[in-house]
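If you want the building blocks of each chain, they are given just below.
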Amino acid sequence: MSRIEKVIRYFGLYKWWFHFLESNYQEDKIDLNRTREELVEYNPNVKASCIQDYVMNLNKIKASVIVPAYNAEDYIEDCLNSLILQKTQYSYEIIVVNDGSTDGTLDLLKHIECDKLRIIDKSNGGISSARNAGIRDALGEYLIFCDADDYMDVKAIQHLIEKAERADADIVEGTFRYISEVGKMGRIVKHKNTRNKLVNTFGVPWGKCIRKALFQGVCFPCGYWFEDSIIHQIILPRANKIEWIEDVVYYYRTNSKGATSSSAGNSKSIDSLWVSMSLFGDRKKLGINNTMDYYKYMLNMLRLGFHRTKLLPDNIRKDFYYEYAAFLSRNFEAQKFGLSELDFANIQNLVMNISYSKYCEYFSRT
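Anyway, here's the lowdown on the structure attached to this text. (Residues numbered from 1 in each chain as written. Predicted model: local features only at pLDDT ≥ 70, side-chain atom pairs only at ≥ 80, totals over all residues. Heavy atoms only, no water.)

## Comments concerning the overall build of the protein chain
In step 1: When helices and strands are counted, the protein chain shows 15 helices and 9 strands.
In step 2: A globule of 366 residues ought to have a C-alpha radius of gyration of about 21 Å, and the protein chain, at 22 Å, matches this closely.
In step 3: With the principal axes as the frame, the protein chain shows a C-alpha extent of 70 × 45 × 40 Å.
In step 4: For the protein chain, buried positions account for 53% of its 366 residues.
In step 5: Contacts in the protein chain between residues at least 24 apart in sequence constitute 80% of all its contacts with a sequence separation of at least 6.
In step 6: Total accessible area on the protein chain stands at roughly 17,300 Å², and carbon and sulfur atoms take up 49% of it.
In step 7: In the protein chain, the 48 positive side-chain charges and the 47 negative ones have mean positions that sit 6 Å from each other. (Helix = DSSP H or I, 4+ residues; strand = E, 2+ residues; numbered from the N terminus. Rg over C-alpha atoms; globule rule 2.2 N^0.38 Å. Buried < 20%, exposed > 50% of the residue type's maximum accessible area, 1.4 Å probe, protein only. Contact = heavy atoms within 4.5 Å. Areas by Shrake-Rupley, 256 points an atom, 1.4 Å probe, with all protein chains shown as cover. Lys, Arg positive; Asp, Glu negative; His and termini not counted. Charge placed at Lys NZ, Arg CZ, Asp CG, Glu CD.)

As C-alpha cells, then:
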C-alpha cells in the first residue's frame, strides 16, 4: 500500500479513493440462473404482495394505536401504561393484537381495565399479520404503531396529532430515544435535516402518526423479514405532506434477540432482497413512479443487505450481491439519474461493473 493510499484511508477518504483510483477493475463472470436457484434453495421467496383488497372502517375517532404482541409479558404492561395514561385532547383507542402468544401475555391483557383497550386474539402469523389485523379493525383517522416492548411519551398522541391537524399533514414523525433491555436511557435520535422529508423520514412504522387512508388497498407484506420496507417504498410516497416534530415521542428498546440484531447469520436475511423486489413490483402496480430519491434508496439497500448478510456462507453472500445488482440494472436506467454524491456513484459502479471482492471491500470500509 502506497503512502498516499495510507493517508487517504487514515482520514476517511476511501469513497474518494475508490471513485477516482479503484473504479476500474476486472468484472466477475456470473451465471444468474445458478445464482437465483441457489438463493431460492437457501431461503425461498414467499412472493407476498402488499396489495390487498379489504374494506377499512369509517373514521369514528381521531387515532388508533396498534400494538402487535407476541410473547411480550416482560414489557407489555409498561407499554400499555404509557398508552393508557396519554395526556391528550384527542379521542383514541388502543388495539392490542395478541399474535398467538404462548406465555402470559394474553392473561395480562385480560386483567387490564381500560375502556380504550380492545384486544384481538389470533393465531400466530408474524408481526405483519398482527399489524394488518389492527389496521383492518381500526376506527381512527390516524394510525399510530407501537411495538409491545417499547413505550411512548405521555404526550406523544397530543404532539403528533396536533401537528397533523395544524399542518394538514398525512404523516407526522417525532424524535425517538433508545432504551436498554433493563430500561436504561440511551441516545436521542433526531432528524438529520429538513431538505427532503420523503427521504429522511425514518423507515419504520412506529414513532409517527399516519393517516389511515394511506393504507387503503395495501398492508404489511406477510412472510418476509424487513416488512417495514413498505413505509419507505409505498406509504411515504403516497403522502401529500410529511412533517417532523422535535418532541421525543417514542422509546425504542434495544433487543438482542430481535430480528434486526440476529439477521446477519439467519437465512431470512436474504429477505432484504426478496421484499425489495416484491415492493418494487407493487409500486409499479400502484402507479408510483421511480424517482432519483427512490433509486438512491434502492442503491443504499445494497449496502444494508451487505451488513444484514455478513455472517452467511460466502457463496450465498456472493449470490445475494449478483442478484440484487442484476435486479437494479434491469429496472433502473442509470443514465437517467445524475448521481452527484460520490457514495451513490460508487455504489452504482458496483451495480454496473460486477466484482464481489470490490463490493466487500467498499462496504466494509464505508
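## With respect to the nonpolar core
Soluble globular proteins: nonpolar side chains tend toward being buried together.
In step 1: Core analysis: the largest hydrophobic core is formed by 75 residues, its most contacted members being Ile135, Phe215, Ile235, Tyr321 and Tyr359.
In step 2: When residues no more than four places from it in sequence are discounted, the contact partners of Ile235 are Ile171, Ile210, Leu214, Phe215, Val218 and Ile230.
In step 3: Counting residues in each nonpolar core, the second largest holds 38 residues, with Cys79, Leu83, Met152 and Ala169 among its members. (Core = buried A, V, L, I, M, F, W, Y, C linked by side-chain atoms within 4.5 Å.)

## Regarding unusual backbone geometry
Among all residues save glycine, negative phi is the norm, and among peptide bonds the norm is trans.
In step 1: A positive phi angle, close to 55°, is found at Lys47, a residue other than glycine.
In step 2: Position of Lys47 relative to the elements: it lies in the loop between helix H3 (32-42) and strand S1 (61-69).
In step 3: Judged by its relative accessible area of 70%, Lys47 is exposed.
In step 4: With a phi close to 65°, Phe226 is a non-glycine residue in the positive phi region.
In step 5: As for its position among the elements, Phe226 is in the loop between strand S8 (208-211) and helix H9 (229-238).

## Considerations on the side chain of Ser64
In step 1: Structurally, Ser64 is set in strand S1.
In step 2: The buried category is assigned to Ser64, whose relative accessible area is 0%.
In step 3: A polar contact is formed between the side chain of Ser64 and the side chain of Glu93, at a distance of 2.5 Å.
In step 4: In terms of polar contacts, Ser64 uses its side chain to reach the backbone amide nitrogen of Gly140, at 2.8 Å.
In step 5: Beyond its immediate sequence surroundings of up to four residues, Ser64 is in contact with Glu93, Ile95, Ala138, Leu139, Gly140, Tyr142, Leu143 and Ile144. (Polar contact = N/O pair within 3.5 Å; in protein donor to acceptor, adjacent residues only side chain to side chain.)

## Some thoughts on the pairing of strand S6 (residues 171-179)
In step 1: Counting buried residues along S6, 7 of its 9 residues qualify, which places the element largely inside the surrounding structure.
In step 2: Relative to S8, S6 runs antiparallel, the two being bridged by 3 bridges. Paired with Val172 across the strands is Cys209, a residue of S8.
In step 3: Pairing geometry for S6 and strand S9 (residues 242-253), over 8 bridges, is parallel. Counted as the bridge partner of Arg177 is Tyr251 from S9.
In step 4: The pairing of S6 with strand S7 (residues 185-189) spans 3 bridges and is antiparallel. From the neighbouring strand, Phe176 faces S7, where its bridge partner is Val189.
In step 5: Hairpin connection of S6 to S7: 5 residues between the antiparallel strands, including Gly183 at a positive phi of 95°. (Pairing = 2+ DSSP bridges.)

## Topic: the pattern of salt bridges
In step 1: One pass over the full model with this rule turns up 21 salt bridges.
In step 2: Arg34 is the partner of Glu38 in a salt bridge, and the nearest nitrogen-oxygen pair spans 2.8 Å. Here the residue Glu38 and the residue Arg34 both occupy positions in helix H3, the gap between them amounting to 4 residues, near one helical turn.
In step 3: Two residues, Asp170 and Arg211, come together in a salt bridge whose shortest N-O distance is 2.6 Å. With Asp170 in the loop between helix H7 (156-167) and S6 and Arg211 in strand S8, the pair connects residues that are 41 residues apart, well separated along the chain.
In step 4: What makes Asp170 buried here is its relative accessible area of 8%.
In step 5: Given the relative accessible area of 16%, Arg211 is considered buried.
In step 6: Via salt bridges that share partners, Lys62, Glu141, Glu165, Asp168, Asp170 and Arg211 belong to a single interconnected network. (Salt bridge = Lys/Arg side-chain N within 4 Å of Asp/Glu carboxyl O.)

## So, the environment of Val67
In step 1: Considering the arrangement of structural elements, one finds Val67 in strand S1.
In step 2: Along the chain, Val67 and Glu162 lie 95 residues apart, while their C-alpha atoms are 21 Å from each other.
In step 3: Ignoring sequence-local partners within four residues, the contact set of Val67 consists of Ile76, Cys79, Leu83, Ile94, Ile95, Val96, Val97, Cys146, Asp147 and Ala148.

## Focus: the side chain of Arg308
In step 1: Positionally, Arg308 belongs in helix H12 (residues 292-308).
In step 2: Of note is the side chain of Arg308, whose polar atom sits 2.9 Å from the side chain of Ser272.

## Details of the pairing of strand S3 (residues 117-122)
In step 1: The pairing of strand S2 (residues 92-99) with S3 spans 6 bridges and is classified as parallel. Across the sheet, residue Val96 finds its bridge partner in S3, namely Ile119.
In step 2: Tracing the backbone out of S2, into helix H5 (residues 105-110) and back to the parallel element S3 gives a crossover that is right-handed. (Right-handed = clockwise from strand over helix to strand, strands pointing away.)

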